[in-house]
Amino acid sequence: LYDVYYWNLQIGNTINIDVGPGGGTFSIEEVTTGNWTVSTYPSWLTLSAVSGTGDITFSIFVDSNISSSPRTATFYVDTSTERYTIVVTQEALSVEWRQQPYIFANNAGGTYTNIVEYNLKPDSIVYSIPFADWVRVTGFDLGDTYSNNIIEIEAAGGDVARSAAISAELHFGDKTYIVTNDIRQ
């Protein structure tokens, strides 16, 4: 799940670390003398050390971002003579239905393939269609960047128009992300 990268601090420079929604591990190293300390940083980052004497060496562990908003953290490593700036920018989770704004089925019903696309593969996915016994998910697969799901829709009698909501619950460890779409017939 995590990638490991190594960065060397350079006086006067900012280290920009770009991270995907799955997170990552980044090692920071700089040869120095004296004491050093790290300023405040957000809870979605974990640092292996926040102060020391001599060479600056620590790792930054970036948690997964299971939200629809990207996030950025700026913090500093200070010595008695220098300040180093570290900026971590993390991409948001992107999940969307390929068929937008809704899935359309004719009154004869039938079997339809629907696709949910994402930029971070979930551990599992659960589809549900509450309050609509005329439509059901009969199968799906879980790929690295999308999930195909098969929907069976019963024929509608006459000129009946009906709609239902389909939800996809994407599970990432103990976090859940839900997207919905409409089915219209």
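Everything here concerns the structure above.
Residues numbered from 1 in each chain as written. Predicted model: local features only at pLDDT ≥ 70, side-chain atom pairs only at ≥ 80, totals over all residues. Heavy atoms only, no water.

Here's the deal with the overall build of the protein chain
Put simply, the test is: The helix count covers DSSP runs of H or I at least four residues long, the strand count covers runs of E at least two residues long, and both are numbered beginning at the N terminus. When we talk radius of gyration, it's over C-alpha atoms, and the globule rule is simply 2.2 Å times the number of residues to the 0.38. Classification of residues uses two cut-offs on accessible area relative to the type maximum, computed with a 1.4 Å probe and protein chains only: under 20% is buried, over 50% is exposed, and between them is partly exposed. In what follows, a contact means two residues having at least one pair of non-hydrogen atoms within 4.5 Å. Accessible areas in this description were obtained via Shrake-Rupley with a 1.4 Å probe; residue shielding takes into account the shown protein chains only. This count recognises Lys and Arg as positive and Asp and Glu as negative, with His and chain-terminal groups excluded. Charge coordinates come from a single atom per side chain, which is NZ of Lys, CZ of Arg, CG of Asp or CD of Glu.
A count of helices and strands for the protein chain gives zero helices and 17 strands. Radius of gyration (C-alpha) of the protein chain: 24 Å, far over the 16 Å computed for a compact globule of 185 residues. Along the three orthogonal principal directions, the C-alpha set of the protein chain runs to about 80 × 20 × 20 Å. Split into buried and exposed, the 185 residues of the protein chain put 41% on the buried side. Here the contacts in the protein chain between residues at least 6 apart in sequence split such that 56% fall between residues at least 24 apart. A total accessible area of about 9,800 Å² is found for the protein chain, and carbon and sulfur atoms account for 48% of it. Of the charged side chains in the protein chain, 8 are positive and 21 negative; the average position of the first set lies 8 Å away from that of the second.

Focus: the sheet that holds strand β14 (residues 135-140)
For clarity, the cut-off: When DSSP finds two or more bridges between two strands, those strands count as paired. Axis definition: a line fitted to C-alpha atoms, over the contacting stretch in the case of helices. Angles run 0 to 180 degrees between N-to-C directions.
The strand order across the open sheet built from four strands is β10-β12-β15-β14, with neighbouring strands paired in antiparallel fashion. Of all the strands in the sheet, just β10 (95-97) and β14 have a single pairing partner and so form its edges. Neighbour-to-neighbour, the strand axes of this sheet turn through a mean angle of 30 degrees, independent of strand direction. One ladder, built from three bridges, connects β10 with strand β12 (residues 110-118); its direction is antiparallel. Counted as the bridge partner of Glu96 is Glu117 from β12.

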